[in-house]
Amino acid sequence: EDQVTQSPEALRLQEGESSSLNCSYTVSGLRGLFWYRQDPGKGPEFLFTLYSAGEEKEKERLKATLTKKESFLHITAPKPEDSATYLCAVQLPSGGYQKVTFGTGTKLQVIP
Amino acid sequence: GAGVSQSPRYKVAKRGQDVALRCDPISGHVSLFWYQQALGQGPEFLTYFQNEAQLDKSGLPSDRFFAERPEGSVSTLKIQRTQQEDSAVYLCASSLEDRVGQPQHFGDGTRLSIL
């Protein structure tokens, strides 16, 4: 069964303390991997798409990387406004369309 | 430009009542998805439309759940004879086309509470 697992479930960082979030997947036929940010009471907001092992993408303090079995979201010198839940999702062909399956998320809290 | 709009934002219903949740996708977006999100969990897939065609409804929890998108734009998720376990946030997302790497754009959801 295709699975997407995110760790840790929750992470508390001091402002400026860099860290990484993990997304591991056991799927066959991965077409793409997405990272989203979700603030309380809001819908997920798209951050990155990664397609193949070795690929990296950056946006401000965030960098996403992909291997054959997992993806990392690196947060460099985080600020309180980076506090949110970060979701990863895998895209697979299914029933004639590109289906997306989400992980359970990592809730990040950055303390001033 | 306008994003995905969902209404109502909050809905409280008594057990056994029927509810209807509305989604206005981004104009011109072909693909439309419905998800259910429980507290502290990721979005769980419910159903997928490509234009007006419902290509996948495998995630609908029971036959009390019904979704439609009759003209290929606005979509409605209907839940009949609601039960307490239906309480959740219902998210709608749209994407421009069904293509590898095409991101989904989400609305802010409808928070449904069944008393």
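All of these numbers come straight from a predicted model, not from anything done at the bench. Every chain is numbered independently, its residues counted from 1 as its sequence is written. Whichever chain is written first is A, and whichever ligand is written first is 1; the rest continue in order. Totals for whole chains, interfaces and linings use every residue, but because this is a predicted model, local features are given only for residues with pLDDT of at least 70 and side-chain atom pairs only at 80 or more, for both listing and counting. Based on all heavy atoms of the structure, the side-chain values leave hydrogens and waters out of the count.

Novice: Any chance you could explain the overall build of chain B here in plain terms?
Specialist: Runs of E in the DSSP output that reach at least two residues are strands. Runs of H or I that reach at least four are helices, and both are numbered from the N terminus. A count of helical and extended segments in chain B gives zero helices and eleven strands. For chain B, the N- to C-terminal ordering of α and β elements is β-β-β-β-β-β-β-β-β-β-β. Two things to know: the radius of gyration comes from C-alpha atoms, and the globule rule equals 2.2 Å times the number of residues to the power 0.38. Against the globule reference of 13 Å for 115 residues, chain B gives a C-alpha radius of gyration of 13 Å, in line with a compact fold. Principal-axis analysis of the C-alpha atoms places the extent of chain B at approximately 40 × 25 × 25 Å.

Novice: Explanation requested: the side chain of Asp-82 of chain A in the structure shown.
Specialist: Residues and elements named next belong to chain A. Structurally, Asp-82 can be placed in the loop between strand S8 (70-75) and strand S9 (84-94). Here the term buried applies to any residue with accessible area under 20% of the maximum for its type, exposed to any over 50%, and partly exposed to those in between, with areas from a 1.4 Å probe on protein chains only. Here Asp-82 falls in the buried class, since its relative accessible area comes to 6%. Here Asp-82 is in contact with Arg-37, Arg-61, Leu-108 and Val-110, once residues within four sequence places are set aside. Residues are treated as being in contact if the distance between any of their heavy atoms lies within 4.5 Å.

Novice: Before we go on, may I ask you to explain the state of the cysteines in this structure?
Specialist: Working definition of a disulfide: a covalent bond connecting the sulfur atoms of two cysteines. Residues and elements named next belong to chain A. The disulfide definition used here is simple: a pair of cysteine sulfur atoms within 2.5 Å. Taken as a whole and judged by the stated rule, the model has two disulfides over all chains. Note that Cys-23 is cross-linked by a disulfide to Cys-88, the S-S spacing being 2.0 Å. On the S-S bond that ties Cys-23 to Cys-88, the torsion sits near 70°, and the link is right-handed. Separated by 65 residues along the polypeptide, Cys-23 in strand S3 (residues 19-26) and Cys-88 in strand S9 bring together distant segments of the chain. Judged by relative accessible area, which is 0%, Cys-23 ranks as buried.

Novice: Would you mind going over unusual backbone geometry with me for this structure?
Specialist: A cis amide bond links Ser-7 of chain A with the next residue in sequence, Pro-8 of chain A, at an omega value of -10°. By the secondary structure assignment, Pro-8 of chain A is in the loop between strand S1 (3-7) and strand S2 (10-14). Here the bond from Ser-7 of chain B into Pro-8 of chain B is cis, since omega is -10°, no more than 30 degrees from zero. Tracing the sequence through the fold places Pro-8 of chain B in the loop between strand S1 (5-7) and strand S2 (10-13). The phi torsion at Ala-77 of chain A lies on the positive side, around 45°, for a residue other than glycine. Positionally, Ala-77 of chain A belongs in the loop between S8 and S9.

Novice: When you look at the packing of aromatic side chains in this model, what are you seeing that I'm missing?
Specialist: In this description, a pair of aromatic rings is defined by centroid distance and the angle of the planes. Note on aromatic pairs: the rings of Phe, Tyr and Trp (six-membered ring only in Trp) are paired at centre separations within 6.5 Å, and the planes decide the class, stacked below 30 degrees, edge-to-face beyond 60, tilted for the rest. Applying the stated criterion to the full structure yields 13 aromatic pairs over all chains. When the centroid spacing of 5.9 Å and the interplanar angle of 75° are considered together, the rings of Phe-102 of chain A and Phe-106 of chain B count as edge-to-face. Of this pair, Phe-102 of chain A sits in strand S10 (residues 97-102) while Phe-106 of chain B sits in strand S10 (residues 105-106), each in a different chain. Taken individually, Phe-102 of chain A and Phe-106 of chain B each receive the classification buried, so the pair is uniform in this respect. Between Phe-65 of chain B and Tyr-90 of chain B, the aromatic rings sit 6.5 Å apart at their centres with planes inclined by 40°, giving tilted as the arrangement. With Phe-65 of chain B in strand S7 (residues 65-68) and Tyr-90 of chain B in strand S9 (residues 88-95), this pair connects stretches of sequence that are 25 residues apart.

Novice: Help me understand the interface of chain A and chain B in this model?
Specialist: As a measure of interface size, the accessible area lost when the parts come together is often cited. Contacts between the two partners involve 21 residues from chain A and, on the opposite side, 23 residues from chain B. Accessible-area loss on putting two parts together, using a 1.4 Å probe and summing over both, is the definition of buried area adopted here. Taken together, both faces of the contact between chain A and chain B bury some 1,800 Å²; the carbon and sulfur share is 54%. Where Lys-42 of chain A meets Asp-108 of chain B, a salt bridge forms, and the shortest distance between an N and an O atom there is 3.8 Å. Each polar contact in these results corresponds to two N or O atoms within 3.5 Å; when the atoms are within protein, one needs to be able to donate a hydrogen and the other to accept it, and residues that are neighboring in sequence are counted only if both atoms are side-chain atoms. Linking chain A with chain B are nine residue pairs in polar contact (both at pLDDT 80 or more), by the criterion used here. Looking at the side of chain A that touches chain B, the elements with two or more residues in it are strand S4 (32-38), strand S5 (45-50), S9 and S10 of chain A. Put simply, a salt bridge is a Lys or Arg side-chain nitrogen that is within 4 Å of an Asp or Glu carboxyl oxygen.

Novice: What is the right way to read the sheet that holds strand S7 (residues 62-66) of chain A from this model?
Specialist: Two modes of strand pairing occur in sheets, parallel and antiparallel, and in both the strands are linked by backbone hydrogen bonds. Residues and elements named next belong to chain A. Across the sheet, which stays open at both edges, the five strands sit in the order S1-S3-S8-S7-S6 with antiparallel pairing between neighbours. Where the open sheet ends on each side, the last strands, each with one partner, are S1 and strand S6 (56-59). Taking the axes of each pair of neighbouring strands and ignoring which way they run, one obtains an average angle of 15° across the sheet. Criterion used throughout: strands pair if DSSP finds at least two bridges between them. Axes, fitted as lines to C-alpha atoms, cover a helix only where it is in contact. Angles between the N-to-C directions of the axes lie from 0 to 180 degrees.

Novice: Could you clarify how one ought to interpret the pairing of S6 of chain A in this entry?
Specialist: Looking along a regular strand, one sees side chains alternate from face to face of the sheet. Residue and element names in this part refer to chain A. As paired strands, S6 and S7 are joined by four bridges and run antiparallel to one another. Counted as the bridge partner of Glu-58 is Lys-63 from S7. Between the end of S6 and the start of S7, which pair antiparallel, lie two residues, with Glu-60 showing a positive phi angle near 55°.

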